[in-house]
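Summary of structural features
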Amino acid sequence: MKYIDEFRDGELARNLARHIAAAADPARPYRFMEFCGGHTHAIARYGLKALLPPNVRLIHGPGCPVCVLPIGRVDQAIRMALEYEVTLCTYGDCLRVPASNGLSLLKAKARGADVRMVYSTQDALALAQRHPERQVVFFAIGFETTTPPTAVAIAQAQALGLGNFSVLCCHVLTPAAIIGILGAAQTPETASAQAGAKADPQGGLALDGMVGPAHVSTVIGSAPYEFVPERYGKPVVIAGFEPLDMLQAILMLVRQVNDGRAEVENEFTRAVTRQGNPKAQALVARIFTLRPEFEWRGLGTLPASALMLSPAYAGFDAELRFPLPYTPVPDHKACECGAILRGVKEPRDCKVFGSVCTPDNPLGSCMVSSEGACAAHYTYGRYQDLGGMSHPEAHRP
Ligand code: SF4
């Protein structure tokens, strides 16, 4: 299959791994964050960590849409469904994110709330058209990839004069999260996670570079990451989701670090340009405006990091139509999702990983979606913790 098979070739992957091993200076660490949950999934699924030399380390980032959704936002959606008796539509993974009082949207549905799983915003819009007697709310989550379809639905709802459709908008922005990660003050947990590593002069997580998102970058382009080398002196390589994309991006990052360069490079040239998709960007800019601040799971409250409906479309804002105060709720005290999303812990650092918390019974959001670090590690990597598997052949120069 074009663009699939040729990017999953085992021999080419081993060859790239040998190039990485040959390029990596054994005297120094290379710590690269893969921002995107899609990359986290690919790394676990294809066992890419086992192909890398021990001093090239991949660190999970916050780019999984349901993982970064804080409990308070899920609570808000549940209360909207239960107290205002709306028909609440959202994507499948979102239904299982644990909320307060042992609830989730799925469990609220079992208690009688009208909660529907949809595959697209168009499903929610069609539901509103078929049931004019019901108020239909689309619980919109995700990064810049899922924002344009929500914008399209709102524009259509206005064109159709739909008075029973609205959006609970929790769309978040990638560059703001990168600032949240790279600009974070040094905390005791980052210090202990980095023990033995060189201190980061910025005082944040000690990273040597970042693998930039694939799908998000098809929309926003590569230009919005240019502040990362300029402000933080870190290289970024945008990568596709296939295993060879990832390995090539890691090699490009290693070479930038070795050369003392910090640039935005684009490995995913078959889909990403510097400008991105101007039509989608214009639509999003018309329908949405910046929220002054937004709470993220793990990253705290970040300024200008999420979207709300612009004044011209405020009539479709579910938070105005069905007012409910937003209440922040701390994560379960056993759950390490926050630290995992900041890149300072790994799933195996969580005491309840694989015992109390499993994909069938998630305690935290990182175990819900296949893009979540805990779910990916549970599905593909947990037995490697026991055996310490690696591919010695990959390390041969
Ligand atoms: S294993 Fe479960 S409880 Fe622990 S960090 Fe992951 S999602 Fe949270």
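Summarised in this report is the structure supplied together with it. (Residues numbered from 1 in each chain as written. Predicted model: local features only at pLDDT ≥ 70, side-chain atom pairs only at ≥ 80, totals over all residues. Heavy atoms only, no water.)

**A look at the sheet that holds strand β5 (residues 136-142)**
As summarised here, the arrangement of the four strands in space is β4-β3-β5-β6, forming an open sheet in which the pairing is parallel. Each edge of the open sheet carries a strand with a single partner, namely β4 (114-117) and β6 (165-171). On average, adjacent strands in this sheet sit at an angle of 20° to one another, irrespective of strand direction. Taken together, the four bridges between strand β3 (residues 87-90) and β4 define a ladder with parallel strand orientation. Bridge pairing in β4 links Cys-89 to Arg-116. Together, β3, β4, β5 and β6 form the strand contacts of helix α5 (residues 121-130), whose direction differs from that of β5 by roughly 170°. (Pairing = 2+ DSSP bridges. Helix = DSSP H or I, 4+ residues; strand = E, 2+ residues; numbered from the N terminus. Axes fitted to C-alpha atoms, helices over the stretch in contact; angles between N-to-C directions. Contact = heavy atoms within 4.5 Å.)

**Observations concerning the side chain of His-60**
Looking at the element boundaries, His-60 is found in strand β2 (residues 56-63). Of the polar contacts made by the side chain of His-60, one reaches the side chain of Glu-34; its length is 2.8 Å. (Polar contact = N/O pair within 3.5 Å; in protein donor to acceptor, adjacent residues only side chain to side chain.)

**Section: the state of the cysteines**
Cysteine pairs can be covalently joined through their sulfur atoms, and such a bond is termed a disulfide. Counted according to the given criterion, the structure contains one disulfide. Covalent S-S linkage joins Cys-64 and Cys-67, the inter-sulfur distance amounting to 2.4 Å. Negative torsions about the S-S bond denote left-handed disulfides, and the value of about 70° found for Cys-64 with Cys-67 makes this one right-handed. Accessibility assignment for this pair places Cys-64 and Cys-67 in one class, buried. Sulfur of Cys-169: no disulfide; nearest cysteine sulfur belongs to Cys-170 and is 6.7 Å away. (Disulfide = S-S within 2.5 Å. Buried < 20%, exposed > 50% of the residue type's maximum accessible area, 1.4 Å probe, protein only.)

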